[in-house]
Amino acid sequence: MSENNMKRAEANDPFATFQIAIRRHDKGNYEEAFKYYTKAAELGDVAAHYLLSTMYREGKVEKDEKKEVYHLERAAIGGHPGARHNLGCKEAENGNYERAVKHMIIAASLGYQLSIEMLKLNRGHVSKEDFAAALRANQAALDAMKSPQREAAGRLTEQQRT
């Protein structure tokens, strides 16, 4: 990890703080990762909120469903599609199918493909019109994300992995 990243984190840069957390998490140092995710979340990083929710769900630091849901909600409000999807899953687990479908539709409209798949599986709880609208919104989100620069970056990432 660069010394510059650490200085930026000490100066409350949420992106640098999040990057440090990711590196610690990847190395299995969950306590340190948790500390930096927490700081990044306090600084407004929605991805940090999402990853804190996964740490609470998986018990990487402690297992706590209330804290998991709190961080899912913060991430979803901030526009994180995976968090919105997971909130939908939580609602479905609790039998709140109407709310679950609403979360899934929002996640799908943010381009989250897994939410489309979940809506397909739960066709009894979603109207044809809502499903069709979710499909259109999902495709529009995916189309909006396409660009020659993204495609080139994707190829570069694949080359670096091999």
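Described below are features of the structure shown in this document. If you're wondering where the values come from, they're calculated on a predicted model, not measured in any experiment. (Residues numbered from 1 in each chain as written. Predicted model: local features only at pLDDT ≥ 70, side-chain atom pairs only at ≥ 80, totals over all residues. Heavy atoms only, no water.)

**Remarks on the overall build of the chain**
Next, step 1: Within the chain, the secondary structure is distributed over ten helices and zero strands.
Next, step 2: Tracing the chain from N to C terminus, the helices and strands come up as α-α-α-α-α-α-α-α-α-α.
Next, step 3: Counting only C-alpha atoms, the chain reaches 55 × 40 × 30 Å along its principal axes.
Next, step 4: Taken as a whole, the chain presents about 9,800 Å² of accessible surface, with 51% of it coming from carbon and sulfur. (Helix = DSSP H or I, 4+ residues; strand = E, 2+ residues; numbered from the N terminus. Areas by Shrake-Rupley, 256 points an atom, 1.4 Å probe, with all protein chains shown as cover.)

**Let's talk about the pattern of salt bridges**
Next, step 1: A complete count under the given rule lists 13 salt bridges for this structure.
Next, step 2: When the shortest N-O distance is used, the salt bridge between R57 and E58 registers 3.6 Å.
Next, step 3: For R57, a relative accessible area of 32% corresponds to the partly exposed category.
Next, step 4: For K102, the salt bridge goes to E98, with nearest N and O atoms at 3.8 Å. Pair noted here: K102 and E98 are both in helix α7 (residues 97-109), with a separation of four residues, about one helical turn. Of the two residues, K102 and E98, both sit in the exposed class. (Salt bridge = Lys/Arg side-chain N within 4 Å of Asp/Glu carboxyl O. Buried < 20%, exposed > 50% of the residue type's maximum accessible area, 1.4 Å probe, protein only.)

**A look at the side chain of H103**
Next, step 1: Within the secondary structure, H103 is located in helix α7.
Next, step 2: By relative accessible area, H103 is classed as buried at 10%.
Next, step 3: Residues in contact with H103, not counting those within four places in the same chain, are R84, L87, G88 and E91. (Contact = heavy atoms within 4.5 Å.)

**Topic: the packing of α7 against helix α8 (residues 113-121)**
Next, step 1: In contact at an axis separation of 7 Å, α7 and α8 are set at 140° when each is read in the N-to-C sense. Judged on the interaxial angle alone, α8 and α7 are oblique. Here the hand of the crossing between α7 and α8 comes out left-handed. In this structure, α7 uses V101, M104, I105, A107 and A108 to contact α8, whose residues at the interface are S115, I116, M118 and L119. (Axes fitted to C-alpha atoms, helices over the stretch in contact; angles between N-to-C directions. Parallel < 35°, antiparallel > 145°, perpendicular 65-115°, else oblique. Left-handed = near helix turned anticlockwise from the far one by under 90°.)

**Regarding the packing of aromatic side chains**
Aromatic rings considered in pairs are described by the distance between their centres and by the relative angle of their planes.
Next, step 1: What the rule picks out here adds up to two aromatic pairs.
Next, step 2: With a centroid separation of 5.7 Å and an interplanar angle of 85°, the aromatic rings of F34 and Y56 are classed as edge-to-face. Of this pair, F34 sits in helix α3 (residues 30-42) while Y56 sits in helix α4 (residues 46-58), and the two are 22 residues apart along the sequence. One exposure class covers both F34 and Y56, and it is buried. (Phe/Tyr/Trp six-rings, centres within 6.5 Å; stacked < 30°, edge-to-face > 60°.)

**Points about the environment of N5**
Next, step 1: Looking at the element boundaries, N5 is found in helix α1 (residues 3-10).
Next, step 2: Judged by relative accessible area, N5 falls into the buried class, the value being 8%.

**Some details on the packing of helix α5 (residues 65-77) against helix α6 (residues 81-93)**
Next, step 1: Running from N to C, α5 and α6 cross one another at 135°; their axes reach a closest spacing of 8 Å. In this view, α5 runs oblique relative to α6, as classed from their interaxial angle. Where α5 crosses over α6, the handedness of that crossing is left-handed. Across from E65, E68, V69, L72, E73, A75, A76 and I77 in α5, the residues of α6 making contact are A83, R84, N86, L87 and K90.
Next, step 2: Considered class by class, the residues forming the contact of α5 with α6 number seven nonpolar, one polar and five charged. (Nonpolar A, V, L, I, M, F, W, Y, C, P; charged D, E, K, R; others polar.)

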